[in-house]
Amino acid sequence: MTVTVATLGFPRIGPRRELKFALESFWAGRSGEAELIEAASALRAAAWARQNALGVDHIPSGDFSFYDHVLDTSAMLGAVPDRYGWNAESVDLATYFAMARGTQGDGAAGSSRAAGHTAQEMTKWFDTNYHYMVPELAAGQTLRLASTKAVDAYREAKALGFETRPVLLGPVTWLSLAKGQGADPFDFLDDALVIYCQVLDRLREAGAAWVQIDEPVLVLDLDARQRAAVTRAYARFARRGPKVMLATYFGGLGDNLALATSLPVAGLHVDLVRAPEQLARIVKSASKDLCLSLGVIDGRNVWRADLESLLDRLEPVSKVRDLILAPSCSLLHTPIDLGLERDLEPEIAQWLACAVQKVEELAILKAALNNGRHIVAEALDASSKAAATRRSSVRIHDAAVAARLAAATPDMASRRSPFPARAARQKDRLALPDFPTTTIGSFPQTEAVRSARARFNRGEISDDAYLDFLRDETRQAIRWQEEVGLDVLVHGEFERNDMVQYFGERLSGFACTKNAWVQSYGSRCVRPPILYGDVSRPKAMTVDWWRFAQDQTDRPMKGMLTGPVTILNWSFVRDDQPREETCRQIALAIRDEVVDLEAAGAKVIQIDEAALREGLPLRRRDWAHYLDWAVECFRLAASGVADETQIHTHMCYSEFNDILPSIGAMDADVISIETARSRMELIQAFADYEYPNEIGPGVYDIHAPRIPHPEEMTALLKLACAHLPAERLWVNPDCGLKTRKWEDVRPALVNMVAAAHALRQAGS
Ligand code: GLN
Ligand code: ZN
């Protein structure tokens, strides 16, 4: 029996984020379309060559994207909303980027483009931190083949001498992610299938023997319509040319396993990292002719695999059937190459694998399975040694952290008194007006702030000079907040590069990287910290800054922290213990910081949990367990303080309606929350749920490129008053202001404070 290696997709952004720079230069008008296209084809060629050199047998094509693969699929299907005024034969780059980013508008009177057009909505791809453009399907819309990307990419690779396996996002996943306007997206199933079949035909004509079709929805809870669509689609595809490798990932097939193995497809890829237990079931139920692709290397994380133990599991299967070995999912979600990371501690570096290293691991597994372990004895030995040091290293296992966790008692996760008693004490102590005003924490990270940080990081300015600069910025921001008349102030977060990395750099158990970028959306990349070991706090992380800021003003200055669940969800997290245990360690470290801020005199402390909801498991039946421990971790972080100390939290980027009881259970004294998408609905939901504590529904949508009028915000606040008790309402923007410009922030906050005054007047 033979074993081969596949990758389901490779990072697109390039080892040095070449695509990012090419895109941004094109958007800024500094370079033309030809240069962008040229940069993109160079990146594709390099990725193919690299995978080929690493020994990949099934190299993907069509996994590259100028912006997003879901958007590419919308383009393929001609699913372009009317507002873009598109009527060309194929989706050109201008239309494509308009869908991705919106257009500014040319302001010309009478022109249909005068006002500009909003981009398509963007949201998270399953439980990753990658964001896709939500397809839109309106009643009466016609679909037609409008992009030949899949075929073009296949031919382009072939011309370079690479035989590839084209990748398509499957129709059922695409329809499941789409939003219908006056229509159910699944009404478009047959129209979409016609186009998919045209693409499959063209791929066959171009010579493709296989095609990979991704249907990650198969790991979700599916309704009858989705299941029927799966059956219908793959029955159609079975009659076309290329053999179909149906790829599932981000979890186990679970109750969809029988459906998946009954489809007339030639191959099935399954995720054995998230769901190792499904291997036995699949081997048993899949027909002998089904080509199995096993996702054995973690495509979502940065850990090196323990190859010997993988071989123990794979050898029995590889004796009885041919296998393809692959990462669990596309390598899009991992940084490209550990080799670019020169400053990591060698001991930590040896535990890690990025996309390139993961492909190397697959090649070693393949060699061992085909020719015996002795062929790759040295590599296996190195892998085992790394795994062994990870099990025992004192860098990872800190007895003091374990002891502290073991000694934590349930009462530590509760404030001393219930909310009403705390609220009364806090009101006395803070003596704030009704409808108190505040902001979420950050102020604009201006070009000056970013360039000072960059110069400091390059060693071009001294510690002192940098500190002086930051102090000046902070001082000015505080002065300005006083002038505008905000009630609870923030220091502005100028010293923070990122709300998670800032803490990752200060906590033990984390390593931060220089080049380990992962695409978040479009040209945007993030560098999640690597959480490799037991977490503790060597010393206070924010107290000095808080003290400096509070010294500038008599008004209350908020302590500003990132919560444990958000730190966890935005890091690469160790896989050698349950996430909840890791999260409890972070919670205890943040708790110490909260207590220290209180001791320094902070009366108000905000613990941001922006990413709490996005950690929700993909399957509903797993939600309760996650929410239980996530809420407990927040409470553990927040509950070390006296009743007088007011704990705030902030949440954003999410649909909150279905987790309201958990938000209530967090028991923060005040929550500020993003409501940009639909303020009415959110306020209604909080009212229906009878949210018990204080709440600041964001009245200023910081993502909208406009300055809200005072009347708009007054109207929103009146609406909130109609549903929620006025004495529990706060007035604030719906998120941090770091991405905004001062020119927008100033008038918007002046208007916001005016709105609060108007309400106070109306109430008195
Ligand atoms: N305090 C952070 C800020 O203001 C919160 C950011 C966020 O919610 N994502 O930037
Ligand atoms: Zn936010």
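Structure first, text after, so check above.
Here is what the cut-offs are and how they apply
- Residues numbered from 1 in each chain as written.
- Chains lettered and ligands numbered in written order.
- Predicted model: local features only at pLDDT ≥ 70, side-chain atom pairs only at ≥ 80, totals over all residues.
- Heavy atoms only, no water.
- Salt bridge = Lys/Arg side-chain N within 4 Å of Asp/Glu carboxyl O.
- Helix = DSSP H or I, 4+ residues; strand = E, 2+ residues; numbered from the N terminus.
- Core = buried A, V, L, I, M, F, W, Y, C linked by side-chain atoms within 4.5 Å.
- Buried < 20%, exposed > 50% of the residue type's maximum accessible area, 1.4 Å probe, protein only.
- Contact = heavy atoms within 4.5 Å.
- Near = heavy atom within 4 Å.
- Polar contact = N/O pair within 3.5 Å; in protein donor to acceptor, adjacent residues only side chain to side chain.
- Areas by Shrake-Rupley, 256 points an atom, 1.4 Å probe, with all protein chains shown as cover.
- Pairing = 2+ DSSP bridges.
- Axes fitted to C-alpha atoms, helices over the stretch in contact; angles between N-to-C directions.
- Phe/Tyr/Trp six-rings, centres within 6.5 Å; stacked < 30°, edge-to-face > 60°.
- 1 Å grid on protein atoms, 1.4 Å probe; cavity = no way out; pocket = protein on both sides within 12 Å on 5 of 7 lines; lining within 4 Å.
- Points joined across faces, edges and corners; volume = space filled by probe spheres on them.
- Nonpolar A, V, L, I, M, F, W, Y, C, P; charged D, E, K, R; others polar.
- Donors = N, O, S within 2.8 Å, 3.2 Å for Na, K, Ca; no water.

A closer look at the pattern of salt bridges
And then number 1: Enumeration over the complete set of coordinates arrives at 52 salt bridges.
And then number 2: A salt bridge links Asp 190 to Arg 232, with the nearest nitrogen and oxygen atoms 2.8 Å apart. Of this pair, Asp 190 sits in helix 7 (residues 189-206) while Arg 232 sits in helix 8 (residues 224-238); the two residues are 42 residues apart in sequence, bridging distant segments of the chain.
And then number 3: Among the salt bridges present, the one from Arg 236 reaches Asp 190, with a minimum N-O distance of 4.0 Å. Taken as a pair, Arg 236 in helix 8 and Asp 190 in helix 7 lie far apart in primary sequence, 46 residues in all.
And then number 4: Each of Glu 308, Asp 312, Glu 315 and Arg 373 takes part in salt bridges that share partners, so that together they form one network.

Some words on the nonpolar core
Most often, soluble globular proteins have nonpolar side chains that are buried together.
And then number 1: Counting residues in each nonpolar core, the largest one holds 110 residues, and the members touching the most others are Trp 125, Trp 174, Tyr 234, Phe 237, Leu 294, Val 296 and Leu 325.
And then number 2: No other element matches the ten residues that helix 7 contributes to this core.
And then number 3: In contact with Val 296, not counting residues within four places along its chain, are Leu 272, Val 273, Leu 310, Leu 314, Leu 325, Ala 326, Pro 327, Ser 328, Leu 362 and Leu 365.
And then number 4: Core analysis: the next-biggest nonpolar cluster, separate from the first, contains 104 residues, Ile 590, Leu 627, Cys 735 and Ala 755 among them.

So, the site of ligand 1
And then number 1: Taken together, 13 residues form the shell around ligand 1, and within it Ser 442, Glu 493, Asp 608, His 650 and Gly 736 come nearest.
And then number 2: Ser 442 places a polar side-chain atom, nitrogen or oxygen, 2.7 Å from an oxygen atom of ligand 1.
And then number 3: Contacts to ligand 1 include His 650, whose side-chain N or O atom sits 3.0 Å from an oxygen atom.
And then number 4: Notes on ligand 1: free accessible area 290 Å², of which the protein chains cover 97%.

A closer look at the sheet that holds strand 6 (residues 164-169)
And then number 1: Read from one edge of the open sheet, eight strands run 1-12-11-10-9-8-6-2, paired in parallel fashion. In the strand order of this sheet, the two ends are held by strand 1 (3-5) and strand 2 (59-61), each with one partner. When strand polarity is set aside, the average angle formed by the axes of neighbouring strands in this sheet is 30°.
And then number 2: In this structure, strand 10 (residues 267-271) lies alongside strand 11 (residues 291-297), joined through five bridges in parallel fashion. Note on strand 11: the bridge partner recorded for Gly 267 is Cys 291.

Description of the sheet that holds strand 19 (residues 604-608)
And then number 1: The five strands lie next to each other as 17-19-20-21-22, forming an open sheet whose pairing is parallel. Edge positions in the sheet fall to strand 17 (558-562) and strand 22 (694-697), since each has one partner strand and no second. Averaged over all pairs of adjacent strands, the angle between strand axes in this sheet comes to 20°, irrespective of strand direction.
And then number 2: Summarising the sheet, strand 21 (residues 670-673) and strand 22 pair through four bridges and their orientation is parallel. Bridge pairing links Ser 672 to Gly 696 in strand 22.
And then number 3: Across the sheet, helix 16 (residues 419-430) touches strand 19, strand 20 (646-651) and strand 22, and the angle it forms with strand 22 is around 70°.

Here we look at the packing of aromatic side chains
And then number 1: Per the counting criterion, the structure on display carries 22 aromatic pairs.
And then number 2: Aromatic side chains Phe 456 and Tyr 466 sit 4.3 Å apart centroid to centroid with 10° between the ring planes, which places their arrangement in the stacked category. Taken as a pair, Phe 456 in helix 17 (residues 447-457) and Tyr 466 in helix 18 (residues 463-484) lie far apart in primary sequence, ten residues in all.
And then number 3: Phe 456 gets classed as partly exposed once you look at its relative accessible area, which sits at 26%.

Remarks on empty space enclosed by the protein
And then number 1: For the structure on display, the rule yields six cavities of 30 Å³ or more.
And then number 2: Taken as a whole, the largest cavity encloses approximately 330 Å³ of empty space.
And then number 3: For the largest cavity, the lining is made up of 23 residues, of which Gly 62, Asp 63, His 69, Val 167 and Leu 169 are closest to its centre.
And then number 4: With four residues, helix 3 (residues 69-76) is the single largest residue contributor to the lining of the largest cavity.
And then number 5: Considering only residue class, the lining of the largest cavity consists of eleven nonpolar, seven polar and five charged.

Structural notes on the coordination of the zinc ion (ligand 2)
And then number 1: Bound to the zinc ion (ligand 2) on the protein side are His 650 (NE2), Cys 652 (SG) and Cys 735 (SG), at distances that span 2.0 to 2.4 Å.
And then number 2: Donor residues binding the zinc ion (ligand 2) come from one chain and are separated in sequence as H-x1-C-x82-C. With Cys 652 in the loop between strand 20 and helix 24 (660-665) and Cys 735 in the loop between helix 26 (710-723) and helix 27 (742-763), this pair connects stretches of sequence that are 83 residues apart.

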